[in-house]
Amino acid sequence: MQVVYSPAHLAHAPTTEVELGVSMAQYELPARAEEIRRVLAAEPERFPVVEPTGHGVAPIEAVHDAGLRAFLATAWERVQAEQALAEVIPDTFIHPALREGMGPPPVPTGAAASAGYWCFETMTPLVSGTYEAARGAVDVALTAADLVLGGSRAAYGLCRPPGHHAPRAAYGGYCYFNNAAIVAHHLAAATGAKVTVLDVDYHHGNGTQQIFYERDDVQYVSLHGDPNRAYPYFAGYRGEIGAGRGRGTNLNLPLAPGTDDDAYLVALVQALEQVEAFGPATIVVSLGVDTFHLDPIADFALTTPAFARCGALVATLGRPCVVLQEGGYYLPAIGENVRNWLTGFEDRVSPAAG
Ligand code: Q9C
Ligand code: ZN
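Basis of the calculations
- Residues numbered from 1 in each chain as written.
- Chains lettered and ligands numbered in written order.
- Predicted model: local features only at pLDDT ≥ 70, side-chain atom pairs only at ≥ 80, totals over all residues.
- Heavy atoms only, no water.
- Helix = DSSP H or I, 4+ residues; strand = E, 2+ residues; numbered from the N terminus.
- Buried < 20%, exposed > 50% of the residue type's maximum accessible area, 1.4 Å probe, protein only.
- Lys, Arg positive; Asp, Glu negative; His and termini not counted.
- Salt bridge = Lys/Arg side-chain N within 4 Å of Asp/Glu carboxyl O.
- Polar contact = N/O pair within 3.5 Å; in protein donor to acceptor, adjacent residues only side chain to side chain.
- Contact = heavy atoms within 4.5 Å.
- Donors = N, O, S within 2.8 Å, 3.2 Å for Na, K, Ca; no water.
- Pairing = 2+ DSSP bridges.
- Near = heavy atom within 4 Å.
- Areas by Shrake-Rupley, 256 points an atom, 1.4 Å probe, with all protein chains shown as cover.
- 1 Å grid on protein atoms, 1.4 Å probe; cavity = no way out; pocket = protein on both sides within 12 Å on 5 of 7 lines; lining within 4 Å.
- Sits in = over half its atoms within 2 Å of the grid points.
- Nonpolar A, V, L, I, M, F, W, Y, C, P; charged D, E, K, R; others polar.

**Comments concerning the side chain of Asp295**
Argument step 1. Summarising the element assignment, Asp295 is placed in the loop between strand S9 (282-287) and helix H9 (304-315).
Argument step 2. Here Asp295 sits buried without a salt bridge, and the closest side chain of opposite charge, Arg32, lies 7.3 Å off (N-O distance).
Argument step 3. Of note is the side chain of Asp295, whose polar atom sits 2.8 Å from the backbone nitrogen of Tyr329.
Argument step 4. Once you skip the residues sitting within four places of it in the chain, Asp295 turns out to touch Val289, Asp290, Gly328, Tyr329 and Tyr330.

**Comments concerning the side chain of Arg32**
Argument step 1. Along the chain, Arg32 falls in helix H1 (residues 30-41).
Argument step 2. According to the relative accessible area criterion, Arg32 is buried, its value standing at 2%.
Argument step 3. Engagement of the side chain of Arg32 in a polar contact is seen with the side chain of Glu28, the distance being 2.7 Å.
Argument step 4. Within the local environment of Arg32, its side chain forms a polar contact with the backbone oxygen of Glu326, the two atoms lying 2.9 Å apart.
Argument step 5. Every residue in contact with Arg32, bar those within four places of it in the chain, is listed here: Tyr27, Arg160, Gln325, Glu326, Gly327, Gly328, Tyr329, Leu331 and Ile334.

**Considering the coordination of the zinc ion (ligand 2)**
Argument step 1. Around the zinc ion (ligand 2), the protein contributes the donor atoms Asp201 (OD), Asp201 (OD), His203 (ND1) and Asp290 (OD), which lie 1.9 to 2.7 Å from the metal centre.
Argument step 2. Summarised as a motif, the one-chain spacing of the donors to the zinc ion (ligand 2) is D-x1-H-x86-D. Take Asp201 and His203: they sit in the same class, and that class is buried.

**What to know about the environment of Cys310**
Argument step 1. Residue placement: Cys310 occurs in helix H9.
Argument step 2. On the accessibility criterion, Cys310 (4% relative accessible area) is buried.
Argument step 3. C-alpha separation for the pair Cys310 and Val221, spaced 89 residues apart in sequence, amounts to 15 Å.
Argument step 4. In this structure Cys310 touches Tyr264, Leu265, Leu268 and Trp341, once residues within four positions along its chain are discounted.

**Some words on the sheet that holds strand S4 (residues 49-50)**
Argument step 1. Read across the sheet, eight strands follow the order S4-S1-S5-S10-S9-S6-S7-S8 without closing on themselves; strand pairing throughout is parallel. The strands lining the two open edges of the sheet, one partner per strand, are S4 and strand S8 (250-255).
Argument step 2. Inspection of the sheet shows strand S7 (residues 218-225) paired to S8 by six bridges, in the parallel sense. Bridge pairing links Leu223 to Leu253 in S8.

**Observations concerning the site of ligand 1**
Argument step 1. In the neighbourhood of ligand 1, 17 residues make up the surrounding shell, with Glu17, Glu19, Met123, Gly173 and Tyr329 lying closest.
Argument step 2. His203 is positioned such that a nitrogen or oxygen atom in its side chain is 3.2 Å from an oxygen atom of ligand 1.
Argument step 3. Between Tyr329 and ligand 1, the recorded distance is 2.6 Å, taken from a side-chain N or O atom to an oxygen atom.
Argument step 4. Burial of ligand 1 by the protein amounts to 96% of the accessible area it has alone, namely 410 Å².
Argument step 5. The cavity that encloses ligand 1 is the second largest pocket.
Argument step 6. When grouped by side-chain class, the residues that make up the shell around ligand 1 number eight nonpolar, five polar and four charged.

The following block contains the structure:
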């Protein structure tokens, strides 16, 4: 399976995040992607690495508000013009109740106001290289999609920063542009056929769900920590099934703390039955390995061998897959866990190759 990787992510190196008012070390670090690359590079025949090609801003603006992209493109310079900050974390957000009954506010231009307008939480800093890295992650994802459009059975995009928490018009959750949603829309537009986004990151992909909530050509299926206890808290509930034409094309499987290999695989089989029923031509996998038992910010209990079983199960769908990296924060095992998922998928596709 070809691996798409770009060093552009290295420019995004935030050091802190704020959780419940506590400033702490950032979890979403450059070392995550470098570890995955290091482990995959040890098997160059199985995992040849290719560079992304530039795809411009049109595929981003087909999914995201143009104002979000323009903000991210210029935010760093605008902030620095006002105040020399090492990283920007907003503190005042546009809570929907603040302007209830008043309609939307003018789009702000001041640094603090615009960060709070476009961001939704305090764990996703802007630093000098954020925009360059986020653009690079989108190009990585679209290049993996092009490989699949060109006839590959699967391709892996080593995206960093991740994407699935970014809705149409905001960033957050360590995510700036929604790589998986951009790819799903790109595939649907290029083929005219149905696409499923299967999200196996520990966290619910609120951004992807929001982007496709009213569409019937893109299904969103997610297994995740129950939002009643787990980030992103305000989306991912079982009753969220899509709306309008999209009613019935959104499936959430919130899971209990301590969910282990067997319980997870049972839920994954259920999810895959619903994918089969929808009948997509192509699958986009939001692959987070923060379901691992030692992950520092999550509470599932998956083991390293389980990731191979998960990949093998997804391969049984028999559809082309664009696999995109989302979360996973336990550095000593992140590479092995991703490698196992991809190897499990490939060995099921072509048992002789393993
Ligand atoms: N201080 C992804 O996995 N909350 N995003 C972290 C730790 C934010 C996770 C709390 C979690 C975002 C792509
Ligand atoms: Zn996650």
